[in-house]
Amino acid sequence: MSLLPPLSLYVHIPWCVRKCPYCDFNSHAATEELPEADYVAALLDDLESDLPLAGDRPLQSVFIGGGTPSLFSADAINRLMRGVRERIALAADAEITLEANPGTFERERFEGYHAAGINRLSIGIQSFNAEHLKQLGRIHNPDEACRAAEAAVAIFPRVNLDLMHGLPGQSTEQALSDLKQALAFDPGHLSWYQLTIEPNTEFHARPPQLPVDETLWTIQEQGQALLADHGYDQYEVSAYAKPHQQARHNLNYWQFGDYLGIGAGAHGKLSHFDAEGQLQIERRHKLRQPKGYMDPSKRLAGQQPIPHDERSFEFMMNALRLTYGTEVDLFTQRTGVNFSEIQPILNKAYALELLDNSNSRLAPTRQGRLFLNDLLALFLD
């Protein structure tokens, strides 16, 4: 019998100081004092309920996202992590990430998070330009962004800086200036991605004037060259890392691994073998509203099996975001789908030169990365 995929844990803390106009995540403006103690207790109760789905697998990674997790005190994060460790084993080298906003930066708080076991900090900087930060609705200024980044690389062994490009009115020079300022801190990882207008956001209701396609293309080309010159490998569509600094938690998503999801609006994906030894895969999601989530009887909002005929697309939608793709053997292990079932689609992708014709890996060609949606569309049939 095949092994189950590696297991991760996603923890969602849904509060922000205010909602950014581009954000479509499950986040809620904090209009009153945060119920830290009650919410941590609810998270641990949620984890307790989901533990039977984990089997005897240890956690390879934990990701505390939001919202703005750095609104929570170091003491609250310490109680959360202590509770997690009491309930489920963590791998000896588990990566434990917390997302932070420079607008909530305090060096003592960062040190407290590190003492609580956080070994990777991901900072949502987005830009070092004051005008662009204002347009994006961010609560920090360039100086706070710099001080947060400087403290992070001094305190944490693994650091990610989040940057956007293609911002309203942004020139190529301004986009590259943001990137150069981020590179000056020498973080191990950079998430550098283009602003997109998502439904149900303020920007969707009142679209800003974004750079023209020619400018966006120039930013992308020159930015990628700059990152490569500084030793960063583009291992995923918008992720760049120094050697051995890839985001392990996100790699588990992209390689169709399993993950428990706890917190308001959190999603999980879990696999198990049925009595006949067939792989079954299920998605689960929790209630989005924080107050309702605190009620255990309302917490689980839905669970849906991933049908056999949808698994190929779901796997490829993740794995083909990776520059180097993934091992062929992983496909059947993680989906339960026989490789022969997708061979006709692969042949079509090879003929269109969207997929590398390799016996050992499923990886997009350069053309496939440029036209990823076209490549994925082949697997929808």
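Residues numbered from 1 in each chain as written. Predicted model: local features only at pLDDT ≥ 70, side-chain atom pairs only at ≥ 80, totals over all residues. Heavy atoms only, no water.

1. Description of the overall build of the protein chain
So, point 1. Looking only at helices and strands, one finds 15 helices and 16 strands in the protein chain.
So, point 2. Its C-alpha radius of gyration of 21 Å places the protein chain within 12% of the 21 Å reference for a compact globule of 381 residues.
So, point 3. When the backbone C-alpha atoms are referred to their principal axes, the protein chain occupies close to 55 × 50 × 40 Å.
So, point 4. Considering the protein chain as a whole, with its 381 residues, one finds that 53% of them fall into the buried category.
So, point 5. By sequence separation, contacts in the protein chain at least 24 residues apart represent 71% of the contacts at least 6 residues apart.
So, point 6. Both charge centroids of the protein chain, one from 33 positive and one from 49 negative side chains, sit 3 Å from each other. (Helix = DSSP H or I, 4+ residues; strand = E, 2+ residues; numbered from the N terminus. Rg over C-alpha atoms; globule rule 2.2 N^0.38 Å. Buried < 20%, exposed > 50% of the residue type's maximum accessible area, 1.4 Å probe, protein only. Contact = heavy atoms within 4.5 Å. Lys, Arg positive; Asp, Glu negative; His and termini not counted. Charge placed at Lys NZ, Arg CZ, Asp CG, Glu CD.)

2. Notes on the packing of helix 3 (residues 107-115) against helix 5 (residues 142-155)
So, point 1. Axis separation between helix 3 and helix 5 bottoms out at 10 Å; the angle between their running directions is 30°. The angle between helix 3 and helix 5 falls in the class roughly parallel. Crossing of helix 3 over helix 5 shows right-handed handedness. Within the contact between the two elements, helix 3 uses Arg107, Phe110, Glu111 and His114 and helix 5 uses Ala148, Ala151, Ala152, Ala154 and Ile155.
So, point 2. The residue makeup of the contact of helix 3 with helix 5, split by class, is six nonpolar, one polar and two charged. (Axes fitted to C-alpha atoms, helices over the stretch in contact; angles between N-to-C directions. Parallel < 35°, antiparallel > 145°, perpendicular 65-115°, else oblique. Left-handed = near helix turned anticlockwise from the far one by under 90°. Nonpolar A, V, L, I, M, F, W, Y, C, P; charged D, E, K, R; others polar.)

3. Remarks on helix 12 (residues 328-335)
So, point 1. All of the buried residues along helix 12 are Val328, Leu330, Phe331, Arg334 and Thr335. What you see down the axis of helix 12 is that its buried residues fit within an arc of 155°, all on one side.
So, point 2. Those residues of helix 12 hidden inside the fold are in contact with strand 13 (279-286), helix 11 (308-319), strand 15 (326-327) and strand 16 (361-362).
So, point 3. Backbone geometry just downstream of helix 12 places glycine 336 in the positive-phi region, at approximately 75°. (Arc of directions from axis to C-beta.)

4. Description of the packing of aromatic side chains
So, point 1. Evaluated as defined, the whole model comprises 14 aromatic pairs.
So, point 2. Pairing tryptophan 15 with tyrosine 39 gives two aromatic rings, centres 4.9 Å apart and planes at 75°, and the pair type is edge-to-face. One end of the pair, tryptophan 15, is in strand 2 (residues 15-16); the other, tyrosine 39, is in helix 1 (residues 36-50), and 24 residues separate them in sequence. Exposure class is identical for tryptophan 15 and tyrosine 39. Each is buried.
So, point 3. Consider the rings of tyrosine 39 and tyrosine 293, whose centres lie 5.7 Å apart with planes at 45°: the pair is tilted. One end of the pair, tyrosine 39, is in helix 1; the other, tyrosine 293, is in helix 10 (residues 290-293), and 254 residues separate them in sequence. You'll find tyrosine 39 and tyrosine 293 in the same group, each marked buried. (Phe/Tyr/Trp six-rings, centres within 6.5 Å; stacked < 30°, edge-to-face > 60°.)

5. Notes on a nonpolar patch on the surface
So, point 1. Together, Trp217, Leu370 and Phe371 make up an exposed nonpolar region whose accessible area comes to about 290 Å².
So, point 2. With respect to the helices and strands, tryptophan 217 occurs in helix 8 (residues 213-229).
So, point 3. Taking the relative accessible area as the measure of exposure, tryptophan 217 reaches 43% and is therefore partly exposed. (Patch = residues over 30% accessible without salt bridge, like charges linked within 9 Å, V, L, I, M, F, W, Y side chains within 5 Å. Areas by Shrake-Rupley, 256 points an atom, 1.4 Å probe, with all protein chains shown as cover. Salt bridge = Lys/Arg side-chain N within 4 Å of Asp/Glu carboxyl O.)

6. Remarks on helix 13 (residues 343-351)
So, point 1. Of the residues making up helix 13, those classed as buried are Ile345, Leu346, Ala349 and Tyr350. Buried residues along helix 13 cover an arc of 140° about the axis, so they all sit on one side. Turned more than 90 degrees away from the buried face of helix 13 sit Pro344 and Ala351, all of them exposed.
So, point 2. Downstream of helix 13 by a residue or two, glutamate 353 has a phi angle that is positive, lying close to 60°.

7. Side note on the pairing of strand 1 (residues 7-13)
So, point 1. Counting buried positions along strand 1 gives seven out of seven residues, so the element sits mostly inside the fold.
So, point 2. Here strand 1 shows two buried faces, one formed by Leu7, Leu9, Val11 and Ile13 and the other by Ser8, Tyr10 and His12.
So, point 3. When strand 1 meets strand 4 (residues 59-66), the two strands line up parallel, connected through seven bridges. Among the inter-strand pairings, serine 8 is bridged to a residue of strand 4, identified as serine 61. (Pairing = 2+ DSSP bridges.)

8. Remarks on the nonpolar core
One recurring pattern in soluble globular proteins: nonpolar side chains tend to sit buried together.
So, point 1. Membership of the largest hydrophobic core comes to 65 residues, with the highest contact counts inside it found for Leu9, Ile64, Phe72, Ile77, Phe110 and Leu161.
So, point 2. Apart from residues no more than four positions distant in its own chain, leucine 9 is found in contact with Leu47, Leu59, Ser61, Val62, Phe63, Val84, His249, Leu260 and Ile262. (Core = buried A, V, L, I, M, F, W, Y, C linked by side-chain atoms within 4.5 Å.)

9. Considering unusual backbone geometry
So, point 1. Of note, the bond from glycine 66 into glycine 67 is cis; its omega dihedral lies within 30 degrees of zero at 25°.
So, point 2. With respect to the element layout, glycine 67 can be found in the loop between strand 4 and helix 2 (74-87).
So, point 3. Unlike most non-glycine residues, asparagine 200 shows phi in positive territory, near 60°.
So, point 4. For asparagine 200, the location among the structural elements is in the loop between strand 8 (189-194) and helix 7 (202-205).

10. A short note on the pairing of strand 5 (residues 90-100)
So, point 1. Note: strand 4 against strand 5, five bridges, orientation parallel. From the neighbouring strand, serine 61 faces strand 5, where its bridge partner is glutamate 95.
So, point 2. Bridging between strand 5 and strand 6 (residues 120-126) involves four bridges; their strand directions are parallel. Looking across to strand 6, one finds that alanine 100 is bridged to isoleucine 123.

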